[in-house]
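# Chains, contacts and geometry: an overview
Letter by letter, the chains look like this.
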Amino acid sequence: MVTYVDADTAPLKNNGQIRLYGRDGFDAMHRAGQLAAACLDALADIVRPGVPTDVIDRFVYDFGAEHNALPATLGYRGYTKSTCTSINHVVCHGIPNEKPLKEGDIVNVDVTYVLDGWYGDSSRMYLVGEVKRAAERLVEVTYESLMRGIAVVKPGATTGDIGYAIQSFAEAERCSVVRDFCGHGVGRLFHDTPNILHYGNPGEGVELRPGMIFTIEPMINLGRPHVKVLSDGWTAVTRDRSLSAQFEHTVGVTETGCEIFTLSPRGYTCPPYPVGA
Ligand code: MF3
Ligand code: CO
Ligand code: CO
């Protein structure tokens, strides 16, 4: 059986208990989440054909530095970059490099900032120039999958309800849900209990309670769900090389539903984003 603990008094390590945060925690997570979201907003003006992903990585680092925040991925389990950039058939954990983005690519940028010890974790898709309709449709299905998962979050619901909302929608759209990576508790730790699976059945899993904070971050494929990790130890790709997309929000369970900490300050939802000034 899962146990729930007061985040203000429990020891700060992942020991399988679920932390319940209070008002101060939610306020701090709002600040950290809004910083990640503001960075993702600014990237909409930067992601273009010809831009290498390590330029995106540098931007994420610099944007954080200007706001007294560090990227959580820097030095995390040997990862050496400030963000993950996952292009086309890359499912997640793509490592930024010097290769330019190409017209027609779809790319996920995943940003986690640590601000005053609090982790704000969010990712979005970007369309690089004009993309094929099938790719844009996958991006739309993935965004809608995330939002349907968020829509069921409230006290008394379960993690299985979230997974079911995502899986049933994505599969009805003839897409598949990646099983090998999941959402996670987050707050004063980067990856905490519980795991948030993006598939499942209503009523299964862990009951949601007010004060829980976690990410929902479905990875949805146009082809089959299976993935493999490349020899760099990080880059996860679809085994059938079909396109994959992902969006991620950090949310907190309230008395009546949830608060999304990582909503876009500019009101960006699903691309195409408005063309910058
Ligand atoms: N931000 C990712 C997540 O959503 C984690 C990236 S860990 C890294 O949980 F080391 F790959 F960067
Ligand atoms: Co995450
Ligand atoms: Co993330």
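By the naming in an unreviewed UniProt entry, the protein chain is Methionine aminopeptidase, taken from Kaistia dalseonensis. Under the UniProt heading Catalytic activity (unreviewed entry), the note attached to the protein chain is "Release of N-terminal amino acids, preferentially methionine, from peptides and arylamides." Listed in UniProt under the heading Function (unreviewed entry), the comment for the protein chain reads: "Removes the N-terminal methionine from nascent proteins. The N-terminal methionine is often cleaved when the second residue in the primary sequence is small and uncharged (Met-Ala-, Cys, Gly, Pro, Ser, Thr, or Val). Requires deformylation of the N(alpha)-formylated initiator methionine before it can be hydrolyzed."

Once that is clear, we can look at the coordination of the cobalt ion (ligand 2). The protein atoms donating to the cobalt ion (ligand 2) are Asp121 (OD), His184 (NE2), Glu217 (OE) and Glu248 (OE), with metal-donor distances spanning 2.0 to 2.2 Å. Coordination geometry of the cobalt ion (ligand 2): the 6 donor atoms subtend angles of 52 to 159° at the metal centre, consistent with an arrangement described as irregular. When the donor residues of the cobalt ion (ligand 2) are listed from N- to C-terminus, their spacing reads D-x62-H-x32-E-x30-E. A spacing of 3.3 Å is found between the cobalt ion (ligand 2) and the cobalt ion (ligand 3), which share Asp121 as a donor. In this pair, His184 sits in strand S9 (residues 183-185) while Glu248 sits in the loop between strand S15 (244-246) and strand S16 (249-253), placing the two residues 64 residues apart along the sequence. Here the two residues His184 and Glu248 agree in accessibility, since each one is buried.

As a further point, take the site of ligand 1. Taken together, 14 residues lie near ligand 1, and Thr73, His184, His191, Glu217 and Glu248 sit nearest. One nitrogen or oxygen atom from the side chain of Asp110 is found 3.1 Å from a nitrogen atom belonging to ligand 1. Note that an oxygen atom of ligand 1 is positioned 2.8 Å from one of the side-chain N or O atoms of Glu217. A per-class count over the shell around ligand 1 returns 5 nonpolar, 5 polar and 4 charged.

Here we take up the coordination of the cobalt ion (ligand 3). Within the protein, Asp110 (OD), Asp110 (OD), Asp121 (OD) and Glu248 (OE) serve as the donor atoms for the cobalt ion (ligand 3), at 2.0 to 2.4 Å. The coordination sphere of the cobalt ion (ligand 3) comprises 6 donor atoms, whose angles at the metal cover 59 to 167°; the geometry is irregular.

Before going further, it helps to spend a moment on the pairing of strand S6 (residues 106-115). Looking down a regular strand, the side chains alternate between one sheet face and the other. In terms of burial, S6 is a largely internal element, 10 of the 10 residues being buried. The side-chain alternation of S6 yields two buried faces, one formed by Ile106, Asn108, Asp110, Thr112 and Val114 and the other by Val107, Val109, Val111, Tyr113 and Leu115. The pairing of strand S4 (residues 84-87) with S6 spans 4 bridges and is classified as antiparallel. Looking at S6, one finds that Ser86 is bridged to Asn108. One ladder, built from 10 bridges, connects S6 with strand S7 (residues 118-127); its direction is antiparallel. By the bridge assignment for S7, Tyr113 is matched with Gly120. Here S6 hands over to S7 after 2 residues, with Asp116 in that stretch at a positive phi of 55°.

With that settled, the discussion passes to the sheet that holds strand S12 (residues 219-221). Overall, antiparallel pairing links the 3 strands, which are arranged S8-S12-S15 in an open sheet. On the outer flanks of this sheet lie strand S8 (176-177) and S15, each paired with one strand and no other. Pairing of S12 with S15, which is carried by 3 bridges, proceeds in the antiparallel orientation. Looking at S15, one finds that Met219 is bridged to Gln246. Lying over the sheet, helix H3 (residues 133-151) contacts S12 and S15, oriented at roughly 35° with respect to S15.

This part is about the packing of aromatic side chains. Scanning all chains against the criterion turns up 9 aromatic pairs. For the ring pair Tyr143 and Phe247, a centre distance of 5.3 Å and an interplane angle of 75° mean the geometry is edge-to-face. Highlighted residues: Tyr143 in helix H3 and Phe247 in the loop between S15 and S16, separated in sequence by 104 residues. Judged on exposure class, the residue Tyr143 and its partner Phe247 are both buried. Counting every residue linked through ring pairs, the aromatic cluster contains Tyr76, Tyr119 and Phe190. We note Arg188 situated over the ring of Trp118; from NZ or CZ to the ring centre the distance is 6.0 Å.

The next subject is H3. Along its 19 residues, H3 runs 27 Å from first to last C-alpha, staying within 8% of the 27 Å computed at 1.5 Å per residue. The set of residues buried in H3 consists of Ala135, Glu136, Leu138, Val139, Val141, Thr142, Tyr143, Ser145, Leu146, Gly149 and Ile150.

What follows covers a nonpolar patch on the surface. A cluster of nonpolar side chains, contributed by Tyr61, Leu70 and Leu74, occupies part of the molecular surface with about 260 Å² of accessible area. Topologically, Leu74 is positioned in the loop between strand S3 (70-71) and S4. Take Leu74: its relative accessible area is 36%, and that puts it in the partly exposed class.

With that settled, the discussion passes to the UniProt feature "binding site: a divalent metal cation 2" (unreviewed entry) in the protein chain. UniProt's feature table lists "binding site: a divalent metal cation 2" (unreviewed entry) at Asp121, His184, Glu217 and Glu248, given in the numbering used throughout. Taking the farthest pair of C-alpha atoms as the criterion, the annotated set spanning 128 residues converges on one region, since that pair is 10.8 Å apart. Among the secondary structure elements, Asp121 is positioned in strand S7. On the basis of relative accessibility, which here comes to 3%, the residue Asp121 falls in the buried class. Beyond its immediate sequence surroundings of up to four residues, Asp121 is in contact with Asp110, Val111, Thr112, His184, Phe190, Thr215, Glu217, Glu248, His249, Thr250 and Thr262. Reaching out from Asp121, the side chain makes a polar contact with the side chain of Thr112 at a distance of 2.8 Å.

What counts, and at which threshold
Residues numbered from 1 in each chain as written. Chains lettered and ligands numbered in written order. Predicted model: local features only at pLDDT ≥ 70, side-chain atom pairs only at ≥ 80, totals over all residues. Heavy atoms only, no water. UniProt positions renumbered as here; feature names shortened; annotations may be inferred. Donors = N, O, S within 2.8 Å, 3.2 Å for Na, K, Ca; no water. Tetrahedral: all angles 85-135°; square planar, octahedral: opposite > 155°, others 65-115°. Helix = DSSP H or I, 4+ residues; strand = E, 2+ residues; numbered from the N terminus. Buried < 20%, exposed > 50% of the residue type's maximum accessible area, 1.4 Å probe, protein only. Near = heavy atom within 4 Å. Polar contact = N/O pair within 3.5 Å; in protein donor to acceptor, adjacent residues only side chain to side chain. Nonpolar A, V, L, I, M, F, W, Y, C, P; charged D, E, K, R; others polar. Pairing = 2+ DSSP bridges. Contact = heavy atoms within 4.5 Å. Axes fitted to C-alpha atoms, helices over the stretch in contact; angles between N-to-C directions. Phe/Tyr/Trp six-rings, centres within 6.5 Å; stacked < 30°, edge-to-face > 60°. Lys NZ or Arg CZ within 6 Å of the ring centre and 35° of its normal. Expected span 1.5 Å × (residues − 1). Patch = residues over 30% accessible without salt bridge, like charges linked within 9 Å, V, L, I, M, F, W, Y side chains within 5 Å. Areas by Shrake-Rupley, 256 points an atom, 1.4 Å probe, with all protein chains shown as cover. Salt bridge = Lys/Arg side-chain N within 4 Å of Asp/Glu carboxyl O.

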